[in-house]
Amino acid sequence: MLDDAQRQELKRSLQAATAANDASAALAAMRALLEPDCKPSDVQICARAATTLAGSLKQQPGMQSLRTFLVRSVTIEPILPYLQTAALLSGLLLETSLGGFGSYVDDLLSPQGGLASANPDLLLVLLDLDDVAGRLPDLCADGVGSAVDAEVASSVQHLAHLLRSARANSRARIVMQGFVVPHSSSLGPVGDANLPHSLPRAVASLNAQLAQICASISDCAFFDLDALAAHHGRARWTDQRLFLSSRLPVAALNFAPYANALTRTIRALYKPARKVLCTDLDHTMWGGVLGEDGVQGIVTGATFPGTPFFLYQRHLKQLASRGILLAAVSKNNEADVREAFTARAADLALTLDDFAALKINWNEKSQSIRELAQELSLGLDSFVFIDDNPVEAEAIRQRLPEVAVLEVPVAEPWRLLDLLADEPFFDVLRVTADDQHRLTEYKAQAQRATLEATAGDRDEFLASLGIVCTFASALDGPLARSVQLLGKTNQFNLTTRRYSAADVEAFSADPAAQAVVVRVRDRFGDAGVVGLALARTEGATCTIDSLLLSCRVIGRGIETALLAHLAQHAAHLGATRLIGEFLPSKKNAPAASFYPDHGFTSFPHDPTEPSESLFFKLDLNTHLPATPPWITLEGSTTDDLAASSGIPSLASR
Amino acid sequence: MTSQPVPESLRSLLADTLDIPSAEVTPELSTQTLESWDSFTHLQVILALEGEYGVQFDPQRIPDLTSVAKLQAALAEKGVAL
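Caption draft 1: How the structure looks around the interface of chain A and chain B. Each partner contributes residues to the interface: chain A has 21 residues there, and chain B has 17 residues. Here aspartate 19 of chain B ties to arginine 48 of chain A by a salt bridge, and the two come within 3.4 Å at their closest N and O atoms. Along the contact surface separating chain A from chain B lie 7 residue pairs in polar contact (both at pLDDT 80 or more). At the level of elements, helix 1 (4-19), helix 3 (40-52) and helix 14 (240-246) of chain A are the ones that each hand at least two residues to the side of chain A that touches chain B. Tallying contributions element by element places helix 3 of chain A first for the side of chain A that touches chain B, with 5 residues. Of the residues that constitute the side of chain A that touches chain B, the class distribution is 9 nonpolar, 6 polar and 6 charged.

Caption draft 2: Structural detail: the pairing of strand 2 (residues 92-98) of chain A. Residues and elements named next belong to chain A. Sheet topology note: the strand 1 (residues 64-72)/strand 2 ladder contains 7 bridges and is parallel. Across the sheet, the residue bridging to threonine 68 is threonine 96, located in strand 2. Taking the sense of rotation as the criterion, the β-α-β connection linking strand 1, helix 5 (residues 80-89) and strand 2 turns out right-handed.

Caption draft 3: View of helix 15 (residues 255-270) of chain A. For helix 15 of chain A, which comprises 16 residues, the first-to-last C-alpha distance of 23 Å matches the rise-based estimate of 22 Å (1.5 Å per residue) to within 8%. Those residues of helix 15 of chain A that sit buried are Phe255, Tyr258, Ala259, Ala261, Leu262, Thr263, Thr265, Ile266, Leu269 and Tyr270 of chain A.

Caption draft 4: Representation of the domain arrangement of chain A in the model. As assigned here, chain A comprises domain 1 (1-35 + 44-53), domain 2 (62-270), domain 3 (276-421) and domain 4 (449-652). Here the C-alpha centroids of domain 1 of chain A and domain 4 of chain A sit 46 Å apart.

Caption draft 5: Spatial organisation of the packing of aromatic side chains. All names here are of chain A. In this structure the tally under the stated criterion is 11 aromatic pairs over all chains. Geometrically, the ring pair formed by phenylalanine 492 and phenylalanine 594 is edge-to-face, given 5.4 Å between the ring centres and 85 degrees between the ring planes. In this pair, phenylalanine 492 is assigned in the loop between helix 25 (479-488) and helix 26 (501-509) and phenylalanine 594 in helix 28 (residues 594-597), connecting sequence segments 102 residues apart. Side by side, phenylalanine 492 and phenylalanine 594 carry an identical accessibility label, which is buried. Ring pairs connect the aromatic residues Phe492, Phe594, Tyr595, Phe600 and Phe616, which therefore count as one cluster. Over the aromatic face of phenylalanine 507 sits the side chain of arginine 536, whose NZ or CZ is 4.3 Å from the ring centroid.

Reading the values: the criteria
- Residues numbered from 1 in each chain as written.
- Chains lettered and ligands numbered in written order.
- Predicted model: local features only at pLDDT ≥ 70, side-chain atom pairs only at ≥ 80, totals over all residues.
- Heavy atoms only, no water.
- Contact = heavy atoms within 4.5 Å.
- Salt bridge = Lys/Arg side-chain N within 4 Å of Asp/Glu carboxyl O.
- Polar contact = N/O pair within 3.5 Å; in protein donor to acceptor, adjacent residues only side chain to side chain.
- Helix = DSSP H or I, 4+ residues; strand = E, 2+ residues; numbered from the N terminus.
- Nonpolar A, V, L, I, M, F, W, Y, C, P; charged D, E, K, R; others polar.
- Pairing = 2+ DSSP bridges.
- Right-handed = clockwise from strand over helix to strand, strands pointing away.
- Expected span 1.5 Å × (residues − 1).
- Buried < 20%, exposed > 50% of the residue type's maximum accessible area, 1.4 Å probe, protein only.
- Domains from an automatic or database assignment.
- Phe/Tyr/Trp six-rings, centres within 6.5 Å; stacked < 30°, edge-to-face > 60°.
- Lys NZ or Arg CZ within 6 Å of the ring centre and 35° of its normal.

Following this line, the structure appears as structure tokens:
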């Protein structure tokens, strides 16, 4: 903990940085000042500095600025500085405005309401149980009340209506906060536990149904406030004295945990999860050192002291089952490790097959991770590194600052899973079928690489893959997958516009627009939905707003097939000219020559509209792009065109 | 109310919470003299004091603790040595 002199010093540097409009120095001071037990006044100082510096903080790398509107029926003002600072340290600059106390329905529904006039990027809905289901405590009083289910259902319906209407009328991403399950009622703990319609049961059911509603609404996350309150102790979550006198819903000592948890949910709406977990082996995957203790000497298995390691292995396997790629990064002899995984298979919760890659050698780990990034075609900011050795951990922090590093508490291996749970590395709101098949797909990728190395020439190799492309509407990607691609594709992405689900829905609804995804499979496996394009036709010109392809499938002509599909459909809509746009980013150099390579010529854009983009044009009458001969298109073209444009399909008429 | 000097720790905490220079924190400073000391700022002041000194004020008295002198007296009443 900081002592008083250190705090004063940090406050002075924050003040100086604010005066000098130096956002990065201010952020560094705030990061140091905002430690877990910091004083409320320090949080307020930091929040104020953030407001003053908003203009230059926005320019910080990775910082995302969000106009945020809070619909609430409780006092949230004293908590706002905590929320703003927690979000800031997560790379989110919240510019907040608040709805009225008693007007949450109006704020959400009315065309003149708070939501409509704030036009926010982010909407937080923070309501009290009393305002949503005020009759519930009385209806639950005898624990058998027949009206309880109906009351819960009607509260859920009411909230669903509010959320759906907000979704329809606003582009904001939404966080809906759940309700704390009351820790006591007039039935007492025994009655609460045993009677079918006790208040705690009713509120738990309300939360569960509300979470389902949120899952059915695009760009809407459920924030499980009850799980958070339970974690910190429901009895101490609210200070009744201040709730009843000032409607303050959270006790002061829980402000920071509340703000951090809410931020973590908000973050999941904006920041993509990491994709690769690199784990050390000795003292991490198992206890002891393989090279010294031998295959039989390492500590692992379903009985103590092997259990903490066994549970870690199980956790890794669970992460792999939803698409997190595992890599073993260890200084060892690979033959020894292979022997350990065979001889101790009964004591290990995973096998070498569960790993997407192995880097078991005596090289620097930073080099191994760099190689992995290249082999898996992923950015270093997708990586997490777990190691017990502080020197290895520090080396990665220094050499590869984009990689998230977690140090294993060697003396207390049972704490590792809790430490991992505290990190937002792998937070996702949805899991798609593509996530579930990721490991298989990466293995197929390795087989393709082997074939490519042995095949004679490129066309022969591509023909031997037996590539099949299927086009579909971005709504059927499914939509969650389409948004995921927009959110995380960096390299082969012509404009890197991070659209939300609502944006994609808007594109799909426009009859002159195309919002298509491409699904790809070959003889080694199904890569799933890997590409997306958004385009709009106005008169004789079709403009490609976005075109992207997962880097795993670049260089096989799929990008050409996607362009051909767009172009043919645009021609179908009456376009004679295709306009392509390339907006350079730090990472999309691989896409820079895409349009010139496909016969587009440079096209000076309107000088009255400043833009960092390069524009290209193609005459469709003379240069209609064609699908490469080695690619088979699947599905009825007419139906696919209709599906991607909103034109009713011929078949369904 | 007698005008005793405001102890340094309390002065710095109130200055930070009310966003004013610490020299302006006098016993006479009140919700009447400082426009930005509104009801939400007041709640923040109360929460900051409760957190710093480990006390809890009676919610019925909180709305009356509207000046530095009154806050100081209420803390003294709770046995806080400033």
